[in-house]
Amino acid sequence: PAGHSNIYKYCTVFVKGVVKKLYNEHVLNSSECVNEMELKTDAACSSGSSDADMEPLHVILKALAHPGEGLPRTNPIPESIHAWQARVACYFAYQMDGGMLGSRITLATLVEGVHNGRVPQEVSVVFENILACLLHLRAEDLRVPWELKVITAQMLGLGLLSPLPEGGKSGDAEVQGVQCSFN
């Protein structure tokens, strides 16, 4: 996507891609949201743009990888880049959580798609990675870059969960109090 606000365009393409995946995997029963997102994407992207059909995970990772709009193009400080990435993830999460399609599509819809057992494992992994990008768990120290990891690995890395004891069960994990920014 190119134009006045690349982030809005990336976000529109992203939401469209997620909605299409949810529909294709029968998490959504109606094509109404898919059709509405097609119209929004067509309006946001120049006609005939191949960007309008990018995979959602690729779109959000591409948006997070580019220096932020408004940041200096030469030698921006890492803390500024990482703070910008957290804001972009927050914006994408907001748009996915009812910002674009109201209560018809929310993050709960995406979580349901991951955890209801109706989608194949490989698709579930894609949805989990999308959720990890949207949640964007990161340390408060903005000098530390964010990495795409499954949500439980992000939580363990930040000390929000303690590792399971030897021979422990999944219910044995303890939640730890750690300061971090949830975007």
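Details of the structure are given in the entry above.
Computed from a prediction, not measured in an experiment: that's the story for all the values here.

K.L.:
Explain helix H6 (residues 121–135) here, please?
P.N.:
Along an α-helix, residues three or four positions apart point the same way, because every turn accommodates 3.6 residues. For H6, which comprises 15 residues, the first-to-last C-alpha distance of 21 Å matches the rise-based estimate of 21 Å (1.5 Å per residue) to within 8%. Looking only at H6, the buried set comprises Val123, Ser124, Phe127, Asn129, Ile130, Leu131, Ala132, Cys133 and Leu134. Buried positions along H6 lie against helix H1 (6–24), helix H3 (56–65), helix H4 (78–99), helix H5 (107–115) and helix H7 (151–158). Note on H6: the residue one or two positions beyond its end, His136, has a positive phi of about 50°.

K.L.:
Quick question: what am I supposed to make of the packing of H1 against H6 here?
P.N.:
A pair of packed helices is characterised by two quantities: the angle between their axes and the separation of those axes. Across the interface, H1 lies against H6 with an axial gap of 12 Å and an inter-helix angle of 150°. Note that H1 runs across H6; the crossing there is left-handed. Counting all contacts with H1, which are made through Phe14, Val18, Lys21 and Leu22, the residues of H6 involved are Val126, Phe127, Ile130 and Leu134. Here the residues of the contact of H1 with H6 sort into 7 nonpolar, no polar and 1 charged.

K.L.:
Can you help me understand the packing of H3 against H4 in this one?
P.N.:
At a minimum axis distance of 9 Å, the contact between H3 and H4 shows a crossing angle of 150°. The angle between H3 and H4 places the two elements in the roughly antiparallel class. Crossing of H3 against H4: the hand is right-handed. Contacts between H3 and H4 involve Ile60, Ala63 and Leu64 on the former and, on the latter, Trp84, Gln85, Val88, Ala89 and Phe92. Of the residues that constitute the contact of H3 with H4, the class distribution is 7 nonpolar, 1 polar and no charged.

K.L.:
What should I look at first to understand the packing of aromatic side chains in this one?
P.N.:
Both the distance between ring centres and the angle between the ring planes are used here to describe each pair of aromatic rings. According to the stated counting rule, one finds 2 aromatic pairs in the structure shown. Note on Tyr91 and Phe92: the rings are 6.4 Å apart at their centroids and 80° apart in plane angle, and the pair reads as edge-to-face. An aromatic cluster of three or more residues is present, and its members are Phe14, Tyr91 and Phe92.

K.L.:
Where do I start with unusual backbone geometry in this structure?
P.N.:
When glycine is set aside, most residues are seen to have a negative phi, and most peptide bonds are trans. The phi angle at His26 is positive, at roughly 65°, despite the residue not being glycine. The phi angle at His136 is positive, at roughly 50°, despite the residue not being glycine.

Parameters and conventions
- Residues numbered from 1 in each chain as written.
- Predicted model: local features only at pLDDT ≥ 70, side-chain atom pairs only at ≥ 80, totals over all residues.
- Heavy atoms only, no water.
- Helix = DSSP H or I, 4+ residues; strand = E, 2+ residues; numbered from the N terminus.
- Expected span 1.5 Å × (residues − 1).
- Buried < 20%, exposed > 50% of the residue type's maximum accessible area, 1.4 Å probe, protein only.
- Contact = heavy atoms within 4.5 Å.
- Axes fitted to C-alpha atoms, helices over the stretch in contact; angles between N-to-C directions.
- Left-handed = near helix turned anticlockwise from the far one by under 90°.
- Nonpolar A, V, L, I, M, F, W, Y, C, P; charged D, E, K, R; others polar.
- Parallel < 35°, antiparallel > 145°, perpendicular 65-115°, else oblique.
- Phe/Tyr/Trp six-rings, centres within 6.5 Å; stacked < 30°, edge-to-face > 60°.

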